[in-house]
Amino acid sequence: MDSIVLSWRELLIAAIVILGVYVAEVLLLLRRGRRRGFGFLRRSAEVSPPSYAIAPLLEDIADLKRQIGELRAEIDSLRARPATEAPTPYASAIQMARSGGAPLEIASTCGISRGEAELISALYRKR
C-alpha cells in the first residue's frame, strides 16, 4: 500500500489557500452586514434610544432600589436598639452561680433540675 507524502511546500500552499478563502468570507460578511445594518456593525452614534419595553423595567428597578433603602433603614434601626430579651433559666442560673448561690437555691429559683443546678454551679462558681 502506497502512502501519501506531502511536502512542506504543498502544506504551505494549502494553508495559504484556506486562509485566503477565510479572509474572503469575512470580507463578504462585513460588506453584507453594512448594507443590512447589523447591530454589531453600527457606529455608536447610530444607537437607537431605549424601546418602550424597557421603561417598565426601569420603573421596577427604581421601586426595588426604594424598597432596599427602606429595608436598610429598618435594619439599622433594629441594630441600634438594645437587646431586651428575657433571660433564659440557664442564664439566670449562671448569674446566681457566679454570685455564689447554692445549687438547691438555683434549682428552685430558676426552675431547673437539681443536677443541672449542681453542674452550672460547678462550672461557673467563683474559685
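This is a predicted model, so every value here is computed, not measured.

*Asks:* Would you mind going over helix α5 (residues 114–124) with me for this structure?
*Replies:* Since one α-helical turn is 3.6 residues long, residues separated by three or four positions face the same way. Of the positions making up α5, those classed as buried are Ala 117, Ile 120 and Ser 121. Burial along α5 is one-sided: seen end-on, the buried residues are contained in an arc of 100 degrees. Among the exposed residues of α5, those pointing more than 90 degrees away from its buried face are Leu 119 and Leu 123. Those residues of α5 that are buried are in contact with α3 (89–98) and α4 (103–110).

*Asks:* Before we go on, may I ask you to explain the nonpolar core in this structure?
*Replies:* A general tendency of soluble globular proteins is for nonpolar side chains to be buried together. Core analysis: the largest hydrophobic core is formed by nine residues, namely Ala 93, Met 96, Ala 97, Ile 106, Ala 107, Cys 110, Ile 112, Ala 117 and Ile 120. If you list the elements that add at least two residues to this core, you get α3, α4 and α5. Setting aside its immediate chain neighbours within four residues, Ile 106 contacts Ala 93, Met 96, Ala 97, Gly 101, Gly 111, Ile 112, Ala 117 and Ser 121.

*Asks:* Sorry if this is basic, but what is going on with a nonpolar patch on the surface here?
*Replies:* On the surface, Leu 19, Tyr 22, Val 23, Val 26, Leu 27 and Leu 30 cluster together into a nonpolar patch covering about 540 Å² of accessible area. Within the secondary structure, Leu 27 is located in helix α1 (residues 8–36). Accessibility expressed as a relative area gives 53% for Leu 27, which makes it exposed.

*Asks:* Looking at this model, I keep getting lost on the pattern of salt bridges. Mind explaining?
*Replies:* Any two side chains of opposite charge can pair, given that their charged atoms come close. Evaluated as defined, the whole model comprises three salt bridges. Asp 63 is paired through a salt bridge with Arg 66; the nearest N and O atoms lie 2.5 Å apart. Taken together, the residues Asp 63 and Arg 66, both in helix α2 (residues 54–80) and three residues apart, mark about one turn of the helix. Classification of Arg 66 by relative accessible area gives partly exposed; the value is 43%. A salt bridge links Glu 70 to Arg 66; the shortest N-O distance between them is 2.8 Å. Of this pair, Glu 70 and Arg 66 both sit in helix α2, four residues apart, which is roughly one turn of the helix. The class for Glu 70 is partly exposed, based on a relative accessible area of 46%.

*Asks:* Help me out: how do you make sense of the side chain of Ser 121 in this one?
*Replies:* With respect to the helices and strands, Ser 121 occurs in helix α5. Apart from residues lying up to four places away in sequence, Ser 121 is in contact with Ala 97, Gly 101, Pro 103 and Ile 106.

*Asks:* Which parts of the structure should I look at to understand α4?
*Replies:* Listing the buried residues of α4 in full gives Ile 106, Ala 107 and Cys 110. What you see down the axis of α4 is that its buried residues fit within an arc of 95 degrees, all on one side. Along α4, exposed side chains directed more than 90 degrees from the buried face belong to Leu 104, Ser 108 and Thr 109. Next to the buried residues of α4 lie α3 and α5. At the exit of α4 stands Gly 111, carrying a positive phi of roughly 75 degrees.

Rules behind the numbers
Residues numbered from 1 in each chain as written. Predicted model: local features only at pLDDT ≥ 70, side-chain atom pairs only at ≥ 80, totals over all residues. Heavy atoms only, no water. Buried < 20%, exposed > 50% of the residue type's maximum accessible area, 1.4 Å probe, protein only. Helix = DSSP H or I, 4+ residues; strand = E, 2+ residues; numbered from the N terminus. Arc of directions from axis to C-beta. Contact = heavy atoms within 4.5 Å. Core = buried A, V, L, I, M, F, W, Y, C linked by side-chain atoms within 4.5 Å. Patch = residues over 30% accessible without salt bridge, like charges linked within 9 Å, V, L, I, M, F, W, Y side chains within 5 Å. Areas by Shrake-Rupley, 256 points an atom, 1.4 Å probe, with all protein chains shown as cover. Salt bridge = Lys/Arg side-chain N within 4 Å of Asp/Glu carboxyl O.

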